[in-house]
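Chain by chain, the residues:
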Amino acid sequence: MTGTSERDGLAGVLREWRGRRGVSQLDLALRAGTTQRHVSFIERGRSIPGRAMVVRLAESLEIPLRERNALLLAAGYAPAYPETRLDDPGLRPVRAALEDVLRGHQPYPAVIVDRHSDLVSANDAFWALTEGVASPLLAPPLNVPRLFLDPRGMAPRIVNLDVWAWHVIDHLRLEAARNPRDRLGELLTELTALVPELTALVPERPRNPGPDHLGFAVPLRLRLGDGELRLLTTLTHFGTAVDVTVAELRMEAFLPADAETASALAALAPPGRPAPAAPAEPPGGVAGTRRGAGASGGESRPEVLPADVRTGAPGGESPTEVLPTDVKTGTPAPTIR
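Analysis parameters
Residues numbered from 1 in each chain as written. Predicted model: local features only at pLDDT ≥ 70, side-chain atom pairs only at ≥ 80, totals over all residues. Heavy atoms only, no water. Pairing = 2+ DSSP bridges. Helix = DSSP H or I, 4+ residues; strand = E, 2+ residues; numbered from the N terminus. Axes fitted to C-alpha atoms, helices over the stretch in contact; angles between N-to-C directions. Contact = heavy atoms within 4.5 Å. Core = buried A, V, L, I, M, F, W, Y, C linked by side-chain atoms within 4.5 Å. Buried < 20%, exposed > 50% of the residue type's maximum accessible area, 1.4 Å probe, protein only. Polar contact = N/O pair within 3.5 Å; in protein donor to acceptor, adjacent residues only side chain to side chain.

Caption draft 1: Region of the structure containing the sheet that holds strand S4 (residues 227-237). Strand order in the open sheet formed by five strands is S2-S1-S5-S4-S3, with antiparallel pairing between adjacent strands. The open sheet is flanked by strand S2 (119-122) and strand S3 (220-224), the only strands paired with a single partner. Each strand axis lies, on average, 30 degrees off the axis of its neighbour in the sheet, ignoring direction. Relative to strand S5 (residues 250-256), S4 is paired through seven bridges, and the arrangement is antiparallel. Looking at the pairing, Thr234 lines up with Ala253 of S5. Together, S3, S4 and S5 form the strand contacts of helix H13 (residues 259-268), whose direction differs from that of S4 by roughly 85 degrees.

Caption draft 2: Molecular detail of the nonpolar core. One finds Phe148, Leu149, Trp164 and Leu220 to be the most contacted residues of the largest nonpolar core, which totals 42 residues. Among the elements that take part in this core, helix H10 (residues 161-178) stands out by supplying nine residues, more than any other. Ranked by size, the runner-up nonpolar core spans 23 residues in total, among them Ile42, Leu65, Leu72 and Ala75.

Caption draft 3: The arrangement of the side chain of Ser117 in detail. In this structure, Ser117 sits in the loop between strand S1 (110-113) and S2. Residue class for Ser117 comes out buried when judged on its relative accessible area of 5%. Here the side chain of Ser117 touches Arg250 through a polar contact of 3.4 Å, side chain to side chain. Once you skip the residues sitting within four places of it in the chain, Ser117 turns out to touch Leu142, Asn143, Val144, Pro145 and Arg250.

These results come straight from atomic positions and should not be treated as a statement about function.
Here's what the structure looks like:
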């Protein structure tokens, strides 16, 4: 029988998530198909919801799968969502789909990251951008935001670092507020502390985006050799994942913001790779968000599988199968990273 500690734990966790999402008890009740009175009783520890109701409440609050399992445990139920090692044979279709997407995005850079923004895999175009980065920053677990903002990383080559640094930090701050995680909070503190070290490059937080702001996204302006790349970022994730590991994976793809950048990236492509035509320059100077041509087979690519991603349920537990068709392989509208 569920004890007082379980009731109190569920009540506090549910109140915390509802407050974090800014949802009233009535709104939550309507979303979950119950009554405000029932939600109120749960949050005061006077009612113990069934397992299905806990899942519905978690879905209604858009709680991540890992935290949904914690909510179920707080209610006295077993976790509902498996957490499988990424190298488990059961996730072979997922890994294959992700690698296909990375190859298909060539000659434009793309990475797969986990919930901590640690690198899982990357295509050749991304590695080409890391030239000159200190080797300790490239050792697993390679953290992508740290790679961009660390003075030993790509920060000295980012032309608009005064905007991009705060863009990255603000994104992490919003993510930490929406889905609190210890490592994410630590990373946010670390990167915010890095800004004073870059005082010459980031003198103060800009109040206005600047004349080069494209209106709908913050471009990354990166020096490469004697030229400059202007890149937009898109985010892609599994929309119907029921495995914790898969749900926490995210692809960050960089797209050229002008024809010159597209041409420069195509020139970096390995010999023999068919490069896509440079995108036409639409009014306003923003290139279309088109995907690069597919890659030829047999290509050798660096691969990083940090230990954080590999921490899954022990044993050979078979997860609910997630087919590659669940992957949103279309390129979404560019969004702030």
